[in-house]
Amino acid sequence: MRKQVILTLMEGSFEQGFPVLLRIREDGATSKTETQVTGRLPTAPYILEAFNNWQSAYGQWQSAYRQTVMHNPRIKPRPGVTNFSCRDLGSQLATCLNEWLKSDSREWQRIRDRLQRNLSETDEIQVIIQTEDNQLRQLPWHLWDLFSEHYRNAEIALSAPHYGPPPLKPKPNNKVKILAILGDSTGINVQKDKAILEQLPDAEITPLTEPQRQELNNQLWEQQWDILFFAGHSYSQVDGSTGQISINQNDSLSLKDLKNALTKAIFSGLQLAIFNSCDGLGLARELADLNIPQIIVMRKPVPDFVAQEFLKHFLSIFAQGTSLYLAVREARERLQGLEGDYPCASWLPVICQNPTTLPLTWQEMIRKNPPPPSRSWWQILWQITRFLRRPAIALGLSLLPIVLLFVPQPPAAGFSCGPSLQTYRVRNPSQSKIEGVRCVKFDKGGFHNFLPVFSWYGEGTWHNAKFKYRHLGHAFAQDSTQDSYRLRAYAADIFGNAEDAKEIFDKPLSIKLSSPVGTIPRTITVQDRNWDEIWELEEDNNVEGYSSPLNPEISTCGSDGFIEERGTDSIVRCKLKVQPQKPNGTSNYLTWYEEGKRHGFHYARIGIWDGSGYEVSDICKKSRFIGHCQLKSLLSSLVIVKSP
C-alpha cells in the first residue's frame, strides 16, 4: 500500500524543543482521511553542535579536494574552515540524530508509536519533513534508522509548511519533454550530463548550452515541459531562503528572476525540476513557493563525478518504471560505494516535495494521443436518421421526448479558486449540503508579528438558499493564549451587486483549525455572530456541484467595512478596514478584493500588503472568471493601493 507521512515541525529551537504534528494518509496525497497525532521533540542542543562540526569538516574537505584532485566540485571556490575528519564527524552526527529521534520523552513516543502501528514494511512510504527552520532542513534526515533500516520502501523528503495543489494540465505528448540547461561549465563537464539525458527512452531533450537569460525565459514561456534540468554552478544563501544558478560564465540568476516564466511552465504541466549542481536547498525553497510537484537538489557542494553518477543511476531506475521516491533512494544509496574518495556522497541528493501530489513515475509523463471521442446520442440518432431517410425522421421526432430521457446530462457545475489559492467547500455543521465556497490565501502570520495566518474571499447562500452573500476576511493568531489551533478573524460583506447581506464583523470571529498554524488545515470551523459553518478543503481544488448564485461582476463594495477605490478598465478594489491594531494603534497589513478587466478579460483577485511588499492571487472561478488567471505574482510597482 502507498502511504504518505507528513511530519510538521513547528516553531521552536534545539534549546527548547519543537512542537510536532504527525499526519499519516492512506493511499498517499489523494486520501480524504488521515491519522493525526501531536507531540514534541525534546531539547537537543548537541544536535546543532554536531551538525556545525560536520559542516565545517565537509567544507574543509571540499577546500582540500579542489586543490589536490582532478575532479572539481560544481561550485566556484569559496573559503573552507576548520580541520576535522569529515567521515568521523558524519558518524557522530548520525549517532546524535538517532539518539534524538529515539528519545523516551512521552510526547515524542506518541509519534513513534503511531508510526510503527500504522506503517508496514511492505508499504511504499512518502515521508515528508515539513518545516521553515533552515537548520532542521539541513539535517541528514535520511539517516533516521526507523526508515533507513526498517522501512526499505521509504524515502524522506523536505517541504515548506505552505503549499497548494499544482495546476497540472494534461498534454498529448508521447515523449517526456526535458529542458536541459547546461550552465557555466568552468572546471566541470556538463556535456557528460547531456550524454546521460540523451540515453533516456521516450524522451525529447532540448539542450540550452550557456544560454542568455532571454533565451531561457522564452523556452519556459513558449514550450510545455515535463522536466526542468540544470547542470552547472549554483549556491544558496546562508539562511537557505534563496539560491542562484550560473546560466553562463557572466550571468547568475535567482529563481525570482525567472518567476513568471517558471509559473507559466508549472501551469503548463512542469512536474519535476532537477538541479544537479551544488548547494541547492535555497533553490528548492524558492521554487516550492510556485507549487511545483517535485524537486531534486544536492544539499551541499557536490563533486562533478558524484553528480554524474547519481544522475546516471537515478534516471536509469526511474525510466524503468520505479517511482521517483524509490528511484532516488536506490541511486542515493549506490553513492555509498564512492565514499572512500568522496565522504558523505550519499548524503547529498534530497527530494523537495509538494504534499498534495503523489510520487511521480516516468510512465505518467508519457501521454499518448487520446482516442477519438465517442459519439454522442445526438450523433448516433443523426446517423440512424440519415440511414433510414425521411420515413425515419418522422419516427425519430415522435420518439424524441423518450430519447431525451436517456441522453446523458452534462456534469454539474464546479468551482475552483485556482492554483495559487486553497479551495474550501462550506456547509452547516448539521447538514451535508454545500452552501458556499472559500478561496483562502495562507500567509506568514503567527504569534507576535501582527500578520494574518490567512485571508479569504467567500460567497454562497444561507437560509435554504433564500439569501446570497459575498464577503472578504482575514484571520490572526491569538497572542494572548498562544493557541496554535484557534484564531480570531474579521470580515465584511460586499454589498450592492444583488447580494442580500450587509454586515461588518469588526468584533473577532472565533475560528478553529484542524491542524496548527503553519499547516494547511483539512477543516476550518467558524462559530460566532450569525456564523456556524465548516470549511472543508478540496484536495483537487474543485467544489463539484457548486454554481455561483451571484452576478458575475461587482460595481461597488457597498459597505463601510471597506475603503473603495476605482481605476481604469472598470476596476473596483475593496480594501478591508476591519482588523486588529498593534499596541501603538497602527496596523501593518492590508487585505483587498479586486475585480476588473485586463486585456479585455474579466478577472478577480485577492491582494495583500504585509509591510514589505504586495502580492496578488487571481481567483480562477470556473464558469465566471475564465478569461484571465495569472496565478500568483509580486507587485513592486502597484502604487494606487495604500495602507489605510
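Source: prediction; values computed, not measured.

Caption draft 1: Highlighting the overall build of the chain. Helix and strand content of the chain: 12 helices and 30 strands. Out of the 644 residues belonging to the chain, those deemed buried represent 56%. The contacts in the chain between residues at least 6 apart in sequence include a share of 67% that link residues at least 24 apart. Accessible surface computed for the chain: about 27,800 Å², of which carbon and sulfur atoms make up 50%.

Caption draft 2: Up close: the pairing of strand β1 (residues 2–9). Burial analysis of β1 places 7 of its 8 residues in the buried class, the great majority of the element. Relative to strand β4 (residues 124–130), β1 runs parallel, the two being bridged by 7 bridges. Looking at the pairing, R2 lines up with E124 of β4. Bridge count for β1 against strand β2 (residues 18–26) is 7 bridges, and the pairing is antiparallel. Directly across from L7, in β2, lies its bridge partner L22.

Caption draft 3: The confidence of the model for the chain, seen in detail. Put simply, the chain has an average pLDDT of 82, and 80% of its residues get 70 or more. A low-confidence stretch, residues 368–379 (pLDDT under 50), is modelled with 13 contacts involving residues beyond four sequence positions or located in other chains. Every residue in residues 391–397 is under pLDDT 50, and counting partners more than four places away or in other chains gives 2 contacts.

Caption draft 4: The arrangement of the nonpolar core in detail. W100, W141, F314 and W362 are the most contacted members of the largest nonpolar core, which totals 124 residues. Grouped together as the second largest cluster of nonpolar side chains are 25 residues, F415, L550, I554 and I619 included.

Caption draft 5: Molecular detail of the sheet that holds strand β11 (residues 252–254). With respect to topology, 3 strands assemble into an open sheet ordered β9-β10-β11, the strand pairing being antiparallel. The two strands at the open ends of the sheet, each matched to only one other strand, are β9 (234–236) and β11. On average, each strand axis in the sheet is inclined to that of its neighbour by 20 degrees, with strand direction left out of account. Here 3 bridges tie strand β10 (residues 243–246) to β11, and the two strands are oriented antiparallel to one another. Bridge pairing in β11 links S246 to S252. On top of the sheet, helix α9 (residues 281–288) reaches β9, β10 and β11; it is set at about 110 degrees to β10, its chief contact.

Caption draft 6: Geometry of the side chain of S277. Summarising the element assignment, S277 is placed in the loop between β12 (272–276) and α9. On the basis of relative accessibility, which here comes to 1%, the residue S277 falls in the buried class.

Caption draft 7: Looking closely at the sheet that holds strand β17 (residues 436–442). Sheet architecture is closed into a barrel: 8 strands sit in the order β16-β17-β18-β19-β20-β21-β22-β23, paired in antiparallel fashion. Pairwise comparison of adjacent strand axes, ignoring direction, gives a mean angle of 30 degrees for this sheet.

Caption draft 8: Summary view of the pattern of salt bridges. Within this structure, the stated rule accounts for 20 salt bridges. For K3, the salt bridge identified is with E26, shortest N-O distance 3.9 Å. Of this pair, K3 sits in strand β1 while E26 sits in strand β2, and the two are 23 residues apart along the sequence. The class for K3 is buried, based on a relative accessible area of 7%. A relative accessible area of 29% means that E26 is categorised as partly exposed. Ionic pairing is found between E536 and R427, a salt bridge with its closest N-O pair at 2.9 Å. Placement of the pair is E536 in strand β23 (residues 531–537) and R427 in strand β16 (residues 422–427), with a sequence separation of 109 residues. For R427, a relative accessible area of 19% puts it in the buried group.

Caption draft 9: Molecular detail of the packing of aromatic side chains. Summed over the entire model, instances satisfying the criterion amount to 29 aromatic pairs. Ring plane angle 45 degrees and centroid distance 5.6 Å describe the contact between F14 and W100, whose orientation is recorded as tilted. Of this pair, F14 sits in the loop between β1 and β2 while W100 sits in helix α2 (residues 86–101), and the two are 86 residues apart along the sequence. The same class applies to F14 and to W100, which are both buried. By way of ring pairs, the aromatic residues F14, F18, W100, W108, W141, W144, F147 and Y151 are connected into one cluster. Its guanidinium or amino end placed over the ring of W225, K177 lies 5.2 Å from that ring's centre, counting from NZ or CZ.

Caption draft 10: Representation of the state of the cysteines within the structure. All chains considered together, the criterion is met by 2 disulfides. Disulfide partner of C417: C439, at an S-S distance of 2.0 Å. Because the sign of the S-S torsion sets the handedness, a value of about -80 degrees for the bond joining C417 and C439 places this disulfide among the left-handed ones. Of this pair, C417 sits in the loop between β15 (414–415) and β16 while C439 sits in strand β17, and the two are 22 residues apart along the sequence. Accessibility assignment for this pair places C417 and C439 in one class, buried. Covalently, C557 is tied to C574 through a disulfide, its sulfur atoms 2.0 Å apart. One disulfide, between C557 and C574, carries an S-S torsion of -100 degrees and so falls in the left-handed class. Taken together, the residues span a long stretch of sequence, with C557 in the loop between β24 (543–544) and β25 (562–566) and C574 in strand β26 (residues 572–576) at a distance of 17 residues.

Caption draft 11: Up close: the packing of helix α6 (residues 190–198) against helix α10 (residues 304–319). At their nearest, the axes of α6 and α10 sit 10 Å apart, and the two run at 5 degrees to each other. Between α6 and α10, the interaxial angle falls into the category roughly parallel. On α10, the residues touching K192, D193, I196 and L197 of α6 are Q308, L311, K312 and L315. Partitioned by chemical class, the residues of the contact of α6 with α10 number 4 nonpolar, 1 polar and 3 charged.

Caption draft 12: Here's a closer look at the pairing of strand β18 (residues 454–462). The buried count for β18 comes to 8 of 9 residues, which makes it a mostly enclosed element. Here β18 runs beside strand β19 (residues 467–477); their pairing, made up of 9 bridges, is antiparallel. Residue pairing across strands places E459 opposite R470, the latter belonging to β19. Linking β18 back to β19 in an antiparallel pair, the connection comprises 4 residues, with H463 at a positive phi of about 55 degrees.

Thresholds, definitions, all that
What you see as residue numbers is a count from 1 along each chain, following the sequence as written. Per-residue local features of the predicted model are confined to residues with pLDDT of at least 70, and side-chain atom pairs are confined, for both listing and counting, to 80 or more; whole-chain, interface and lining totals are unaffected and use all residues. Computation of side-chain values: all heavy atoms of the structure, hydrogens and water removed. Where helices and strands are cited, they refer to DSSP runs of H or I of at least four residues and of E of at least two residues respectively, numbered from the N terminus. Only protein chains enter the accessibility calculation, which uses a 1.4 Å probe; a residue whose area is less than 20% of its type maximum is buried, one above 50% is exposed, and one in between is partly exposed. Between two residues, a contact is recorded if the distance between any of their heavy atoms is within 4.5 Å. Throughout, the Shrake-Rupley method with a 1.4 Å probe supplies accessible areas, and for residues the shown protein chains are the sole cover considered. The pairing criterion is simple: DSSP has to find at least two bridges between the two strands. Summary of the metric used: pLDDT quantifies the predictor's per-residue confidence within the range 0 to 100. The definition of a nonpolar core used throughout is a set of buried Ala, Val, Leu, Ile, Met, Phe, Trp, Tyr and Cys residues joined through side-chain atoms within 4.5 Å. The convention used is that axes are lines fitted to C-alpha atoms, helices contributing only their stretch in contact, and that angles between N-to-C directions extend from 0 to 180 degrees. Put simply, a salt bridge is a Lys or Arg side-chain nitrogen that is within 4 Å of an Asp or Glu carboxyl oxygen. Put simply, two rings from Phe, Tyr or Trp (the six-membered ring, in Trp's case) pair if the centres are within 6.5 Å, and we call them stacked under 30 degrees between planes, edge-to-face over 60, tilted for the rest. Whether a charge lies above a ring is judged from NZ of Lys or CZ of Arg, which has to be within 6 Å of the ring centre and within 35 degrees of the ring normal. Two cysteine sulfur atoms form a disulfide, by the criterion used here, when they sit within 2.5 Å. An angle below 35 degrees is treated as roughly parallel, one above 145 as roughly antiparallel, one from 65 to 115 as roughly perpendicular, and anything else as oblique. Residues are grouped as follows: nonpolar covers Ala, Val, Leu, Ile, Met, Phe, Trp, Tyr, Cys and Pro; charged covers Asp, Glu, Lys and Arg; every other residue, Gly included, is treated as polar.

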